[in-house]
Amino acid sequence: MLFVQEDNRPEDPMTASLRPVRALPSLALAVAATWLAAPALAADELTLYTTREPGLIQPLISAFTAQTKIDVKTVFVKDGLLERVRAEGARSPADVLMTVDIGNLLDLVDGGVTQPVKSAALESAIPANLRGTDGQWFSLSLRARVLYADKGSKLASFRYEDLASPQYKGKVCIRAGQHPYNTALVASMIAHDGETKTEQWLRSVKGNLARKATGGDRDVARDILGGICDIGLANSYYVGQMKGSKEGSDGRKWGDAIKVIRPVFAKTGGTHVNISGAAVAKNAPNKANAVKLIEFLVSEPAQVLYAQANYEYPVRKGVALDPIIASSIGELKVDPLPLTEIAKHRKQASALVDKVGFDQ
Ligand SMILES: [Fe+2]
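Basis of the calculations
- Residues numbered from 1 in each chain as written.
- Predicted model: local features only at pLDDT ≥ 70, side-chain atom pairs only at ≥ 80, totals over all residues.
- Heavy atoms only, no water.
- Helix = DSSP H or I, 4+ residues; strand = E, 2+ residues; numbered from the N terminus.
- Buried < 20%, exposed > 50% of the residue type's maximum accessible area, 1.4 Å probe, protein only.
- Contact = heavy atoms within 4.5 Å.
- Areas by Shrake-Rupley, 256 points an atom, 1.4 Å probe, with all protein chains shown as cover.
- Axes fitted to C-alpha atoms, helices over the stretch in contact; angles between N-to-C directions.
- Parallel < 35°, antiparallel > 145°, perpendicular 65-115°, else oblique.
- Left-handed = near helix turned anticlockwise from the far one by under 90°.
- Nonpolar A, V, L, I, M, F, W, Y, C, P; charged D, E, K, R; others polar.
- Polar contact = N/O pair within 3.5 Å; in protein donor to acceptor, adjacent residues only side chain to side chain.
- Donors = N, O, S within 2.8 Å, 3.2 Å for Na, K, Ca; no water.
- Arc of directions from axis to C-beta.
- Phe/Tyr/Trp six-rings, centres within 6.5 Å; stacked < 30°, edge-to-face > 60°.
- Disulfide = S-S within 2.5 Å.
- Salt bridge = Lys/Arg side-chain N within 4 Å of Asp/Glu carboxyl O.
- Pairing = 2+ DSSP bridges.

Participant: Lay out the overall build of the chain in plain terms, naming residues and giving numbers.
Facilitator: Secondary structure assignment for the chain yields 16 helices and 11 strands. Residue burial in the chain is summarised as follows: out of 360 residues, 52% are buried. Here the analysis covers contacts within the chain between residues at least 6 apart in sequence; of these, 78% occur between residues at least 24 apart. Summed over its atoms, the accessible surface of the chain is roughly 16,200 Å², and 55% of this surface lies on carbon and sulfur atoms.

Participant: Got a sec to walk through the packing of helix H3 (residues 54–68) against helix H13 (residues 300–310)? Specific residues and values, please.
Facilitator: With their axes 10 Å apart at the nearest point, H3 and H13 run at an angle of 160° to one another. Classified by the angle their axes make, H3 and H13 are roughly antiparallel. Note that H3 runs across H13; the crossing there is right-handed. In this structure, H3 uses Leu56, Pro59, Leu60 and Ala63 to contact H13, whose residues at the interface are Ala302, Leu305, Tyr306, Ala309 and Asn310. By residue class, the composition of the contact of H3 with H13 is eight nonpolar, one polar and no charged.

Participant: Could you give me a rundown of the side chain of Gln136, with the residues and numbers involved?
Facilitator: You can see Gln136 is positioned in the loop between helix H6 (120–125) and strand E6 (138–150). Gln136 gets classed as buried once you look at its relative accessible area, which sits at 13%. One polar contact links Gln136 to Thr114, side chain to side chain, over a distance of 2.8 Å. Aside from chain neighbours lying at most four places away, what touches Gln136 is Val109, Thr114, Gln115, Pro116 and Ala279.

Participant: Tell me about the coordination of the iron ion, and please be specific about residues and values.
Facilitator: Only Tyr181 (OH), Tyr237 (OH) and Tyr238 (OH) from the protein coordinate the iron ion, and they sit 1.9 to 2.1 Å from it. With a relative accessible area of 15%, Tyr181 lands in the buried category. In this structure Tyr238 comes out as buried when scored by relative accessible area, which is 11%.

Participant: I'd like to hear about helix H4 (residues 81–88), residue by residue, with values.
Facilitator: Buried within H4 we find Leu81, Leu82, Arg84 and Val85. When H4 is viewed along its axis, its buried side chains cluster within an angular range of 165° and face the same direction. Positioned one or two residues after H4, Gly89 has a phi angle of 60°, which is positive.

Participant: Tell me about the packing of aromatic side chains, residues and numbers included.
Facilitator: The description of an aromatic ring pair rests on the distance of the ring centres and on the angle between the ring planes. In this structure the tally under the stated criterion is four aromatic pairs. Between Tyr160 and Phe265, the aromatic rings sit 4.7 Å apart at their centres with planes inclined by 40°, giving tilted as the arrangement. You can see Tyr160 sitting in the loop between E6 and strand E7 (172–173) and its partner Phe265 sitting in the loop between strand E9 (258–261) and strand E10 (273–281), a full 105 residues away along the chain. Taken as a pair, Tyr160 and Phe265 share a single burial class, namely buried.

Participant: Requested: an account of the state of the cysteines, with residues and values cited.
Facilitator: The tally for this structure, following the rule as stated, stands at one disulfide. Residue Cys173 pairs covalently with Cys229 via a disulfide, S to S 2.1 Å. One quick way to see it: the torsion about the S-S bond of Cys173 and Cys229 is about -105°, and its sign makes the bridge left-handed. Of the two residues, Cys173 is situated in strand E7 and Cys229 in the loop between helix H9 (218–225) and strand E8 (231–235); the sequence distance between them amounts to 56 residues. Note on accessibility: Cys173 and Cys229 belong to one class, buried.

Participant: Quick rundown of the pattern of salt bridges? Include the residues and the values.
Facilitator: All told, the structure shown has 17 salt bridges when counted by the stated rule. Measuring nitrogen to oxygen at the nearest pair gives 3.0 Å for the salt bridge that ties Lys118 to Glu123. The exposure class of Lys118 is exposed, given its relative accessible area of 71%. The partly exposed category is assigned to Glu123, whose relative accessible area is 33%. Note that Asp217 and Arg145 form a salt bridge whose closest N and O atoms lie 2.8 Å from each other. One end of the pair, Asp217, is in the loop between helix H8 (195–208) and H9; the other, Arg145, is in strand E6, and 72 residues separate them in sequence. You can call Asp217 buried: its relative accessible area is 1%. The class of Arg145 is buried, set by a relative accessible area of 1%. It is possible to trace a salt-bridge network through shared partners that takes in Arg211, Asp219, Arg222 and Asp223.

Participant: Summarise unusual backbone geometry; cite the residues concerned and give the values.
Facilitator: The phi dihedral of Lys69 falls on the positive side, at around 65°, and the residue is not glycine. Turning to its location among the elements, Lys69 is positioned in the loop between H3 and strand E3 (71–77). Of note, Tyr311 is a non-glycine position whose phi angle comes to about 60°, a positive value. The exposure class assigned to Tyr311 is buried, which follows from its relative accessible area of 17%.

Participant: An account of the pairing of E6 is needed here, citing residue identities and associated values.
Facilitator: Among the 13 residues of E6, 12 are classified as buried, and the element is accordingly described as predominantly covered. Here six bridges tie E6 to E10, and the two strands are oriented antiparallel to one another. Across the sheet, Arg143 pairs through a bridge with Asn274, a residue of E10. Alignment of E6 against E8, held across five bridges, turns out to be antiparallel. Opposite Val146, over in E8, you have Ala234 as the bridge partner. Here E6 pairs with E9 via four bridges, running antiparallel. Within E9, the residue paired with Asp150 across the bridge is Ile258.

Here it is as structure tokens:
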């Protein structure tokens, strides 16, 4: 089902700039000014299609409009972003497409609804492994797949490979293997170690499960608190959400029950990340403004908002982490493997999850 919430901004910044034109005494001058202003009207707006939560996006958009005077029409598309833009075709009003997960972004690229962008600002702000080589997509923020462990655990380091170790028999909790967060991790494992080794690993992890692979990431912390499991993999921002929630709430109890370790791949010593990202739409009526918005989103002030609003890792170097993320997880050493390389193995990863009966 398509859920669309149209967000028409109440205040049009152009109204203010047109006011002096209206006050002009000469009709001829007013007509000339209006004629001059017309192209400016079209140039000072853009349309954003996003699958991200309105509450997270709105502060970023407001900051962008305040800085650039470019009015943003935000369309929240919960599901079916690719299908919608495709159906709209050449008449699509979308300028920027924004979503989460490398798989979803590459579906947009492969679906032919994006266009390449050349921007020195984007190339310097975003590491090469976290954007398309052809400028078809860009990461805006990162989330790491980290290890939640009982807060009393003596564990100080962890490799993703360790999840298959016999010492964790019956002690591992994780959500469904077919969830994009996990298929991306399995795809990453395939890119590093090949399919045969990954299959063995996945089979052993399945054998270590304390319960069916189901539920959400926060349920890993819940089940550690409940004594069902000792460790599990989940996303980094949930740590901030749980530990940052109200004293006495369930989320806070779950968050307080865990300690967090940044796992690494044995081969690279890097941690697996997924992304939120954006692309310029193929038929963008306001391409220049679309590029400006993406450039703004990786600027320092916007990256600070990403860190604060949803406990995400900034994609730009040198931007402060949210204090809870800084103290409970810390700075990341991101796995250097290009995300496009990981994404190539998505289908293989999904087939492996089925083959070992991970979610059965
Ligand atoms: Fe999530």
